[in-house]
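# Commentary on secondary and tertiary structure
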Amino acid sequence: MMNPHPLILSLDISGRPVAWLNWQHAACLYVREQVVWTIGDAIYTLHGGINQQTKQRSSLEIHSIISVRGSRSKYLYDLVPNLNNRELFQRDNNTCLYCGQAFPNSQLTRDHIIPTSQGGKDNWENVVSACRHCNQKKGGRTPEQANMPLLAVPFVPNHAEYLILANRHILADQMAFLQAHVPKRLQ
């Protein structure tokens, strides 16, 4: 089902992805003349009142990707995205990284490669998606101790990857733009 209100991808002035915005926030940026350039399709057209002199109705087209004044994103690329199960499961493509089978979120768990009981951290590089069966089988052991090798190496998503993980309804032009900012290791 198509999302009735897709989000707008905002970029900094140099074209780096920054955040998802709702159409109302994007409209405010247009009106305040903070939008420097746009790409992608116009996905919303807002209609205003009728000009008394010209008898023309005002309208505002909002594009799916907008570049906004400022340089907020120079710091975003150094930040590690927050780790939560939804984005973790999406990073791992809803696949148990022990048995290789795909599962819905409700049947996946967060597994610590080096268990916290052995000093492992709760961070992107030390967690993977695991089905309940594999997580229980592995228990409080490392993959080597449990003789359960990992099928993929966990990684910290960069900011563009995190934006992909954070939005369930990305438009085609937005996905193409974000994929251009994903490291080649994943393409």
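Here is what the cut-offs are and how they apply
- Residues numbered from 1 in each chain as written.
- Predicted model: local features only at pLDDT ≥ 70, side-chain atom pairs only at ≥ 80, totals over all residues.
- Heavy atoms only, no water.
- Core = buried A, V, L, I, M, F, W, Y, C linked by side-chain atoms within 4.5 Å.
- Buried < 20%, exposed > 50% of the residue type's maximum accessible area, 1.4 Å probe, protein only.
- Helix = DSSP H or I, 4+ residues; strand = E, 2+ residues; numbered from the N terminus.
- Contact = heavy atoms within 4.5 Å.
- Patch = residues over 30% accessible without salt bridge, like charges linked within 9 Å, V, L, I, M, F, W, Y side chains within 5 Å.
- Areas by Shrake-Rupley, 256 points an atom, 1.4 Å probe, with all protein chains shown as cover.
- Salt bridge = Lys/Arg side-chain N within 4 Å of Asp/Glu carboxyl O.
- Arc of directions from axis to C-beta.
- Polar contact = N/O pair within 3.5 Å; in protein donor to acceptor, adjacent residues only side chain to side chain.

### Some remarks on the nonpolar core
Soluble globular proteins tend to pack their nonpolar side chains together in the buried interior. Core analysis: the biggest nonpolar cluster contains 16 residues, and Cys96, Tyr98 and Cys134 have the highest contact counts within it. Listing elements by their share of this core, those giving two or more residues are helix 3 (85-91) and strand 6 (127-131). A per-element tally of this core places strand 6 first, with 4 residues. Leaving out residues up to four positions away in the same chain, Tyr98 has contacts with Asp111, Ile113, Val128, Ala130, Cys134, Lys138, Pro143, Met148, Pro149, Leu150 and Leu151.

### Remarks on a nonpolar patch on the surface
A cluster of nonpolar side chains, namely Ile13, Val36, Trp37 and Ile39, defines an oily patch on the protein surface of about 290 Å² accessible area. Among the structural elements, Ile39 can be located in strand 3 (residues 35-50).

### Digging into helix 1 (residues 23-31)
What helix 1 keeps buried is the set Ala26, Ala27, Leu29 and Tyr30. In an axial view of helix 1, the angular spread of the buried residues amounts to 160°, which keeps them on one side of the axis. In the core, the buried residues of helix 1 are packed alongside strand 1 (8-11), strand 2 (17-21), strand 3 and strand 4 (57-68). The distance from a side-chain oxygen at the start of helix 1 to the backbone nitrogen of Gln24 is 3.2 Å, and the residue carrying that oxygen is Asn22. Looking one or two residues past helix 1, Glu33 carries a phi angle of roughly 60°, positive in sign.

### Section: the pattern of salt bridges
Per the counting criterion, the structure on display carries 5 salt bridges. The salt bridge involving Asp92 is made with Arg91; its shortest N-O contact spans 2.8 Å. The shortest N-O distance in the salt bridge between Lys138 and Asp111 comes to 3.2 Å. Of this pair, Lys138 sits in helix 4 (residues 132-138) while Asp111 sits in strand 5 (residues 108-112), placing them 27 residues apart in sequence.

### Digging into the environment of Asp111
Exposure remark for Asp111: the relative accessible area of 3% places this residue in the buried category. With 25 residues separating them in the primary sequence, Asp111 and Gln136 have C-alpha atoms 9.6 Å apart. Sequence-distant contacts of Asp111, defined by excluding residues within four places in its chain, comprise Tyr98, Asn126, Val127, Val128, Ala130, Asn135 and Lys138.

Everything listed is a geometric property; what it means functionally is a separate question.
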